[in-house]
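# Chain and residue survey
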Amino acid sequence: MGNRVSLFRNAATVGIAASAVVLMAATPSLAGTDVDVSSYVCTHVACAYEAASASFISDGDDWKVCDEYADGERAKMSITYVNDNGSTATDYLEATGGAGTCVKGGVGENIPEGNRVTVKVWHQNGPTGTPQDVSTGYGKA
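Residues numbered from 1 in each chain as written. Predicted model: local features only at pLDDT ≥ 70, side-chain atom pairs only at ≥ 80, totals over all residues. Heavy atoms only, no water.

## Points about unusual backbone geometry
One non-glycine residue, Asp61, lies in the positive phi region at around 50 degrees. With respect to the element layout, Asp61 can be found in the loop between β2 (47-57) and β3 (62-67). Positive phi, close to 55 degrees, is recorded for Asp133, a residue that is not glycine. You can see Asp133 is positioned in strand β8 (residues 132-140). (Helix = DSSP H or I, 4+ residues; strand = E, 2+ residues; numbered from the N terminus.)

And the structure:
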């Protein structure tokens, strides 16, 4: 009788452990990774202030860019990903309303789950200005 109880207990332990491993292995592939990136104005000595910030929110595939500093420049971002058609897409978004303003995008976009996204943020003077202090981050849809 002692061997049957021990055999049953061992079988139950193996079954529970196997279920936990399968559950843990499946969970990370379903979870996306959010991204937060900031562009700082830097000199040769130090970084003075945060000029722009950008975020990618994996749950809903939304993104936003914010102008963080009153310097007369606009905050811009790009997000690059592989779309449903299998081709690479890049979307741009800019906040032009001055310091403290944010603009959201991505509503209605469907980035396939698990695909890598590249988020870049910068600030620039006017619509055709040169990107300054570009920062890059990576996430997963």
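## Topic: the sheet that holds strand β4 (residues 74-82)
Taken together, 4 strands build an open sheet; the order of strands is β5-β4-β7-β8 and the sheet is antiparallel. Because the sheet does not close on itself, it has two edges, and the strands there are β5 (88-95) and β8. Geometrically, the sheet is characterised by an average inter-axis angle of 15 degrees between neighbouring strands, direction not taken into account. Pairing analysis gives 7 bridges linking β4 to strand β7 (residues 116-124), with the strands arranged antiparallel. Across the sheet, Ala75 pairs through a bridge with His123, a residue of β7. (Pairing = 2+ DSSP bridges. Axes fitted to C-alpha atoms, helices over the stretch in contact; angles between N-to-C directions.)

## What to know about the packing of aromatic side chains
Between two aromatic rings, the relevant description is the distance of the centres plus the angle of the planes. For the coordinates displayed, the defined rule picks out 2 aromatic pairs. On the numbers, 3.5 Å between centres and 20 degrees between planes, the contact of Tyr49 with Tyr69 is stacked. Here Tyr49, found in strand β2, pairs with Tyr69, found in the loop between β3 and β4; they are 20 residues apart in sequence, far enough to count as distant. You can call Tyr49 partly exposed: its relative accessible area is 23%. Accessibility expressed as a relative area gives 36% for Tyr69, which makes it partly exposed. (Phe/Tyr/Trp six-rings, centres within 6.5 Å; stacked < 30°, edge-to-face > 60°. Buried < 20%, exposed > 50% of the residue type's maximum accessible area, 1.4 Å probe, protein only.)

## With respect to the pairing of β2
As judged from the 8 bridges shared by strand β1 (residues 35-42) and β2, these two strands associate in the antiparallel manner. Residue pairing for β2: Cys42 is matched across the bridge by Cys47. The antiparallel pairing of β1 with β2 creates a hairpin that spans 4 residues between the two strands. Alignment of β2 against β3, held across 6 bridges, turns out to be antiparallel. In the strand pairing of β3, Ser55 is matched with Lys64.

## Examining the sheet that holds β1
If you trace the 4 strands from one edge of the open sheet to the other, you get β1-β2-β3-β6, paired in antiparallel fashion. The strands lining the two open edges of the sheet, one partner per strand, are β1 and β6 (102-105). Each strand of the sheet is rotated relative to its neighbour by a mean of 20 degrees, with strand direction disregarded. Sheet analysis places β3 next to β6, joined by 4 bridges and oriented antiparallel. Its bridge partner lying in β6, Cys66 is registered against Cys102.

## A few points about the nonpolar core
Residues Phe56, Trp63 and Val119 are the most contacted members of the largest nonpolar core, which totals 19 residues. Every element with two or more residues in this core is listed here: β1, β2, β3, β4, β5 and β7. Among the elements that take part in this core, β4 stands out by supplying 4 residues, more than any other. (Core = buried A, V, L, I, M, F, W, Y, C linked by side-chain atoms within 4.5 Å.)

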